[in-house]
Amino acid sequence: MASLQGKSVLVLGGSRGIGAAIVRRFAADGATVTFTYAGSKDAAEQLAGETGTTAVLTDSADRDAVIARVRNSGPLDVLVVNAGVAMVGDPLEMDADAVDRMIRINVQAPYHAAVEAARRMPEGGRIVVIGSNVGDHVGFPGIAAYSLTKSAVQGMVRGLARDFGPRGITVNAVQPGPVDTDMNPADGPLKDLLYGKMVLQRHGRPEEIAGLVAWLAGPEAGFATGGMHTIDGGFNA
Ligand code: NDP
């Protein structure tokens, strides 16, 4: 039997990149998967058709829409919060509204989604939030605002693990390093800067991140909670 057979899973931000790999992996492992998208309708519908999953429009910048989506999808066995945006540049030049929107997507949405999911999540439930290795180590300039969002994920995961642990619900962060997606393409301008910090001289593949998420959601990970699971090619070593 597949390891997530019969499990009800919601992935926030599943249309592209790491999120799409998570959707594919969970569907292959037997779960019933719903995933959200915001801007990539065509990609979302194509992925849903290929995998037998359900794509729904929900903007993670809209707190109440996120809460309603989680409520209407429950009770969930697994919640994965993957939706995220990254801003790179001089903080003195960044648009304040865009920074605040990033904080809504990367911090506010994961917190409220996790709390809402936990209301009806059964014992054995799993909450996984995609953070980043920069939550631990900001290796270069230009990512202060993004890094603050991923460090905030760490506090929420540690705290909610303590809040929901007594009910048998685990809460973990997965912290990727550079992964080859639209957000951080392997042939992009940051390549030399990133590889200068990394043990493994390559970007990660979305499927490698999805494998760790699937393990955390699966039957072997019941003892793992409140953890920051870094998978970064040795960037932070
Ligand atoms: P991509 O930009 O390739 O994909 C982002 C995904 O998030 C898309 O499916 C997108 O959907 C969704 N998304 C973005 N904004 C919203 C929104 N407002 N509402 C709903 N969904 C949204 O990024 P990655 O796959 O690379 O990143 C996924 C996660 O991994 C993020 O949290 C990111 O911070 C984190 N991460 C990525 C790293 C990397 O190097 N790639 C490294 C470390 C962490 P749509 O297009 O439909 O809007």
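Computed from a predicted structure; not experimentally measured. (Residues numbered from 1 in each chain as written. Predicted model: local features only at pLDDT ≥ 70, side-chain atom pairs only at ≥ 80, totals over all residues. Heavy atoms only, no water.)

## Describing helix α7 (residues 206–217)
Phase 1 of the analysis: For α7, spanning 12 residues, the distance from its first C-alpha to its last is 17 Å, which sits close to the expected 16 Å at 1.5 Å a residue.
Phase 2 of the analysis: Where α7 is concerned, the buried positions are Pro-206, Ile-209, Ala-210, Leu-212, Val-213, Ala-214, Leu-216 and Ala-217. (Helix = DSSP H or I, 4+ residues; strand = E, 2+ residues; numbered from the N terminus. Expected span 1.5 Å × (residues − 1). Buried < 20%, exposed > 50% of the residue type's maximum accessible area, 1.4 Å probe, protein only.)

## Notes on the packing of helix α1 (residues 17–28) against helix α2 (residues 41–51)
Phase 1 of the analysis: Where α1 meets α2, the closest approach of the two axes is 10 Å, and the angle between their N-to-C directions is 15°. In terms of axis orientation, α1 runs roughly parallel to α2. Handedness of the α1/α2 crossing: right-handed. Within the contact between the two elements, α1 uses Ala-20, Val-23, Arg-24 and Ala-27 and α2 uses Leu-47, Glu-50 and Thr-51.
Phase 2 of the analysis: Of the residues in the contact of α1 with α2, the class split is 4 nonpolar, 1 polar and 2 charged. (Axes fitted to C-alpha atoms, helices over the stretch in contact; angles between N-to-C directions. Parallel < 35°, antiparallel > 145°, perpendicular 65-115°, else oblique. Left-handed = near helix turned anticlockwise from the far one by under 90°. Contact = heavy atoms within 4.5 Å. Nonpolar A, V, L, I, M, F, W, Y, C, P; charged D, E, K, R; others polar.)

## Describing the pattern of salt bridges
Phase 1 of the analysis: All told, the structure shown has 9 salt bridges when counted by the stated rule.
Phase 2 of the analysis: The closest approach of N and O atoms between Asp-29 and Arg-25, which form a salt bridge, is 2.9 Å.
Phase 3 of the analysis: With a shortest N-O distance of 2.9 Å, Glu-116 and Arg-119 are connected by a salt bridge. Taken together, the residues Glu-116 and Arg-119, both in helix α4 (residues 96–120) and 3 residues apart, mark about one turn of the helix.
Phase 4 of the analysis: The network of salt bridges with common partners includes Arg-71, Glu-116 and Arg-119. (Salt bridge = Lys/Arg side-chain N within 4 Å of Asp/Glu carboxyl O.)

## Quick notes on the side chain of His-203
Phase 1 of the analysis: Within the element layout of this structure, His-203 appears in the loop between α6 (191–195) and α7.
Phase 2 of the analysis: A distance of 3.2 Å separates polar atoms of two side chains, one belonging to His-203 and the other to Asn-184.
Phase 3 of the analysis: Within the local environment of His-203, its side chain forms a polar contact with the side chain of Tyr-195, the two groups lying 2.8 Å apart. (Polar contact = N/O pair within 3.5 Å; in protein donor to acceptor, adjacent residues only side chain to side chain.)

## What about the site of the ligand?
Phase 1 of the analysis: Every one of the 32 residues lining the ligand counts as a neighbour, but Ser-40, Asp-59, Ser-60, Tyr-146 and Thr-181 are closest to it.
Phase 2 of the analysis: Contacts to the ligand include Gly-39, whose backbone N or O atom sits 2.9 Å from an oxygen atom.
Phase 3 of the analysis: Side-chain polar atom of Asp-59 to a nitrogen atom of the ligand: 2.8 Å apart, as the coordinates give it.
Phase 4 of the analysis: Here the ligand loses 95% of its free accessible area of 880 Å² to cover by the protein chains.
Phase 5 of the analysis: Of the residues in the shell around the ligand, the class split is 13 nonpolar, 14 polar and 5 charged. (Near = heavy atom within 4 Å. Areas by Shrake-Rupley, 256 points an atom, 1.4 Å probe, with all protein chains shown as cover.)

## With respect to the side chain of Glu-116
Phase 1 of the analysis: By relative accessible area, which is 11% here, Glu-116 ends up buried.
Phase 2 of the analysis: Excluding its chain neighbours within four sequence positions, the residues that come into contact with Glu-116 are Ile-67, Val-70 and Arg-71.

## Considerations on the sheet that holds strand β5 (residues 126–130)
Phase 1 of the analysis: Spatially, the 7 strands line up as an open sheet ordered β3-β2-β1-β4-β5-β6-β7, and their pairing is parallel. Both outer strands of the open sheet, β3 (54–57) and β7 (228–231), are each paired with one neighbouring strand and no more. Each strand axis lies, on average, 20° off the axis of its neighbour in the sheet, ignoring direction.
Phase 2 of the analysis: Pairing analysis gives 4 bridges linking strand β1 (residues 8–12) to strand β2 (residues 32–37), with the strands arranged parallel. From the neighbouring strand, Ser-8 faces β2, where its bridge partner is Thr-32.
Phase 3 of the analysis: α4 rests against β1, β4 (78–81) and β5 of the sheet, and its axis sits at about 175° to β4. (Pairing = 2+ DSSP bridges.)

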